Every structure is written in C-alpha cells, then in structure tokens.
Amino acid sequence: MNKQELQSAISFLFDPNAILGIELYLVLETDEGTVLRLADLGDGSLPAEVRNGFLEYLNGRTNLNEDALVKPLSELDPLRTTIHHYDLEGMPDGLDIIKSPLVAEETALFNFQVDKLDKVKAFLIKLSSVDHHVVLYKKHYHLNLLKQAKVFYFVKDNERFVKPKEGVLKFSFSIDFMKVGNEIIVYDIKCLEREFKFDNIIINNAKNKMLEISALNFVENITELEEFAENKIGARKILSIKSNSPVLKLQFDQIKSFVKNHPYLKKRLKFNDTESMFRFHSQISKNYFIDLLNDNYLTSDLTSIFYKTNVKDEMAAEEDEEVNS
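This structure is a prediction, so every number in the text was calculated from the model and none was measured.

Colleague: Help me get a handle on the confidence of the model for the protein, residues and values and all.
Modeller: Confidence along the protein averages 87 in pLDDT terms, with 87% of residues attaining 70 or more. The secondary-structure element of the protein with the lowest mean pLDDT is strand 7 (residues 145-146), recorded at 53, while strand 11 (residues 177-180) shows the highest, at 97.

Colleague: I'd love a proper account of the pairing of strand 6 (residues 133-139), names of residues and values included.
Modeller: The element strand 6 is extensively covered by neighbouring structure, given that six of its seven residues are classed as buried. Hairpin remark: strand 5 (residues 120-128) followed by strand 6, antiparallel, with four residues in the connecting loop. Pairing geometry for strand 6 and strand 11, over four bridges, is antiparallel. Bridging from a neighbouring strand, V134 pairs with V180 of strand 11.

Colleague: Lay out helix 2 (residues 46-64) in plain terms, naming residues and giving numbers.
Modeller: The terminal C-alpha atoms of helix 2 lie 25 Å apart, and with 19 residues this matches the ideal 27 Å at 1.5 Å per residue to within 8%. Buried residues in helix 2 make contact with helix 1 (3-9), strand 1 (21-30), strand 4 (83-85), strand 5, strand 6 and strand 11.

Colleague: Please give an account of the packing of aromatic side chains that cites residues and values.
Modeller: Under the definition given, this model contains twelve aromatic pairs. Ring geometry for F252 against F278: centres 5.4 Å apart, planes inclined by 80°, an arrangement best described as edge-to-face. Remark: F278 occurs in the loop between helix 8 (265-268) and helix 9 (283-293) and F252 occurs in helix 7 (residues 252-260); sequence separation between them is 26 residues. Classification of F278 by relative accessible area gives buried; the value is 2%. Pairwise contacts between aromatic rings join F218, F252, F271, F278, F280 and F289 into one cluster.

Colleague: Which residues make up the pairing of strand 2 (residues 33-38), and what are the values?
Modeller: Along a regular strand, successive side chains alternate from one face of the sheet to the other. As judged from the six bridges shared by strand 1 and strand 2, these two strands associate in the antiparallel manner. Bridge pairing in strand 2 places V27 opposite L36. Counted along the chain from strand 1 to the antiparallel partner strand 2, the turn is two residues long.

Colleague: Explain the side chain of S128 to me, using residue names and the numbers behind them.
Modeller: With respect to the helices and strands, S128 occurs in strand 5. A relative accessible area of 18% means that S128 is categorised as buried. Not counting the four nearest positions on each side in its chain, S128 is found in contact with I19, L20, G21 and H133.

Colleague: Hey, could you go over the nonpolar core for me, with residue numbers and the actual values?
Modeller: Judged by nonpolar contacts, the single largest core of 54 residues is most densely connected at L124, Y137, F177, L192, L225, F278 and F289. When sequence neighbours within four positions are dropped, the list of residues in contact with L225 reads M210, I213, I238, F280, K286, F289 and I290. By size, the runner-up hydrophobic cluster in this structure holds 31 residues, among which are A39, V70, F123 and I185.

Colleague: Can you break down the pattern of salt bridges residue by residue, with the values?
Modeller: Under the criterion given, the structure shown has eight salt bridges. With a shortest N-O distance of 2.4 Å, R236 and E193 are connected by a salt bridge. Pair noted here: R236 is in helix 6 (residues 232-239) and E193 is in helix 3 (residues 189-195), with a separation of 43 residues, a long-range link. Relative accessible area serves as the criterion here: at 26%, R236 is assigned to the partly exposed category. According to the relative accessible area criterion, E193 is partly exposed, its value standing at 25%.

Colleague: Tell me about unusual backbone geometry, residues and numbers included.
Modeller: Even without being glycine, N217 reaches a positive phi, approximately 60°. Taking the relative accessible area as the measure of exposure, N217 reaches 52% and is therefore exposed. Positive phi outside glycine occurs at E275, with the angle close to 55°.

Colleague: For the side chain of K139, give the residues involved together with the corresponding values.
Modeller: Inspection of the secondary structure assignment puts K139 in strand 6. Although K139 is buried, it forms no salt bridge, and the closest oppositely charged side chain is E195 at an N-O distance of 4.0 Å. Non-local contacts of K139, meaning those with residues more than four positions away in its chain, are made with K121, A122, D176, C191 and E195.

Colleague: Pulling in residues and values, what's your account of the sheet that holds strand 3 (residues 70-72)?
Modeller: Spatially, the eight strands line up as an open sheet ordered 2-1-5-6-11-12-4-3, and their pairing is mixed. A strand with exactly one partner marks an edge of an open sheet, and here the two such strands are strand 2 and strand 3. Adjacent strand axes in the sheet meet at a mean angle of 25°, parallel and antiparallel pairs treated alike. Relative to strand 4, strand 3 runs parallel, the two being bridged by three bridges. Its bridge partner being in strand 4, P72 is matched across the sheet by H85.

Colleague: Residues and numbers for helix 9, please.
Modeller: Every buried residue belonging to helix 9 is among S285, K286, F289, I290, D291, L292 and L293, and all of these are buried. Taken from the residues just after helix 9, D295 is the one with a positive phi, measuring 60°.

Colleague: How would you sum up the packing of helix 4 (residues 198-216) against helix 6? Please name residues and give values.
Modeller: For the pair helix 4 and helix 6, the least separation of the axes is 8 Å and the interaxial angle reads 50°. It follows from the interaxial angle that helix 4 and helix 6 lie oblique. The interaxial crossing formed by helix 4 with helix 6 has left-handed handedness. For the pair helix 4 and helix 6, contact is made by F198, D199, I202, I203, N205, A206, K209 and M210 and by K232, A235, R236, I238 and L239, respectively. Partitioning the contact of helix 4 with helix 6 into residue classes produces eight nonpolar, one polar and four charged.

The rules behind the values
Residues numbered from 1 in each chain as written. Predicted model: local features only at pLDDT ≥ 70, side-chain atom pairs only at ≥ 80, totals over all residues. Heavy atoms only, no water. pLDDT = per-residue confidence, 0-100. Helix = DSSP H or I, 4+ residues; strand = E, 2+ residues; numbered from the N terminus. Buried < 20%, exposed > 50% of the residue type's maximum accessible area, 1.4 Å probe, protein only. Pairing = 2+ DSSP bridges. Expected span 1.5 Å × (residues − 1). Contact = heavy atoms within 4.5 Å. Phe/Tyr/Trp six-rings, centres within 6.5 Å; stacked < 30°, edge-to-face > 60°. Core = buried A, V, L, I, M, F, W, Y, C linked by side-chain atoms within 4.5 Å. Salt bridge = Lys/Arg side-chain N within 4 Å of Asp/Glu carboxyl O. Lys, Arg positive; Asp, Glu negative; His and termini not counted. Axes fitted to C-alpha atoms, helices over the stretch in contact; angles between N-to-C directions. Parallel < 35°, antiparallel > 145°, perpendicular 65-115°, else oblique. Left-handed = near helix turned anticlockwise from the far one by under 90°. Nonpolar A, V, L, I, M, F, W, Y, C, P; charged D, E, K, R; others polar.

Below you can see the structure in the form of structure tokens.
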C-alpha cells in the first residue's frame, strides 16, 4: 500500500456528505483474559467531538502532511512522519484485537460498578459510514488515569468546584494503529517496539529473508550473515533488502565487476580465493553487502561523484508534462 492507496481507502471519512458513526470500545485486561466493553458516549455532543478529534488527527497525518510517506514495515523508516503498512508474517501478541468483529449490539457496556478503569489497556475506535469502516487502536497508559490517591482533582459543576466521583481518564486523539480493509497501518512505530514483542517478529522474518539471500549463492561464509540476522539490529538490516531490488536478478559476475571497479567498495568487500563468491572479512562488510543488494551505490553522470542512498525514485514523465521526442 502506498500513500495514494491509503488516502483513497480512508477518503470516505472526509466526504462532506457522509454520515459517520463512532463506537468507542475499551480493551480490558482481566483475570479472565482480554474483554471488550462498549463506552456509552450518550446522545449529546460528545460522540461528534470524539469523532471529529480522530478525523482531524488522521487528516493531518495522512492527507495534509506533504512529507508523510507510506512504506512497508519491513523497510522500517525512522522518520516520525513515515506511516508503515504491516507486511510482516505474524502479528504481535495483543495487537490482533484490532481484527475483532466489533458489533455494538453484541458487546456489553462498560459498567463502572463492575469494570475498573485501571484494567483498561487500550481503546478501539470504529468510524463507519453505510458502506465502509476503519478501526483505530490507541494504547492506554496508566499514567493517563488520574487517581485521587496523592493528588486531589477538582472539576466544575455549574459554578462549584467538586471532587470527581471516579478517577479521571485523560484522552488524546493520536492513534497507534489503524485497520482499513485487510491492512494494518502503523502510525506510531515506537508503540509497536515498546509495547509488543516486536523484536521476535523482526528476527523471525529476517530468518525467512535469509533463505532468499542464501539461494543467490553470492557469499561463501553465509553463516555469518545468518548469525547477524539473529539479533535485532542485524535483523532489521536484513529486512531492509527489498525483494524487488534489481541487483537480486543480476549474475554474480556482473556484481563482481561493479565492486572491483568501484573506488570504495573494492576496498571494503572481499572475495574468496577463486573470486567466485564474496567472503565476509569484517562485521562492517556485511552492511556494505546488504547495501549493495539494495542497489544503494550510485554515481552521478553529471559530476561523477559516488553516492550511497536508499531513496531512489525512478524518473517518469508527470501527467501534465510534455515530453519532447
């Protein structure tokens, strides 16, 4: 999924003629396991205020931010403006709740007499029109539950200051994940890394990627790269190798010729005695090899300067551009 496809998938949310409903579910961690409770937002202005708050956030992050990119999660981009779509095998424990069928009529209401706010671990927000819907996931941190234990809180009741009967639940409109169609969209990569066992998924997927790399038969001591994939940093580097990289389709002799004639790579990548395969001689050589597979080493035809870059946009004529023959 790219940015245009994501914008198209959620465009119904911003149709001025659409009638959008909102359902707010609380994800509770209880002694009996994880349960869902529906929040009663009443029939006043609160549902519209909550809905509009999330719409404003989604519009700002996805549509209005010109710097925002949408990339596969396997090509993890550290930029805060990047939105990722989940393309890895396996879903982190706890996040699969976002795939739950959310039916308001079949879900018990949150009951303040029975259910406890300190058991809330996340929120699911369902925004729906007649034909479409999305589900938002928002992690709840217990620091956002303002209790009366050591700090006293006042709230306004007409012209009086009164003590709230229960803890105060602090709530913002940022989100961590979104389910649209069959896609899981990651808006907050830090939440995924911090709150879920994401490292295990990264490592397992990197091991699968290594099967593809081994099959190329480019490296003599390939076991060193396999060991590299067993730690978090190495696994992420392995996963950065794009399956559609044109280098993966080249013959080894073409790659060898490029390396031997490159002023920097020829000093950093070594071959075995017969020069029939690469042989890793240092830890850093693995990184150079991965960048090589990603076609990250480019030369400017204009200045003859050598560059290393992982951002490459193929040139194509714009729709309104005249091309001179």
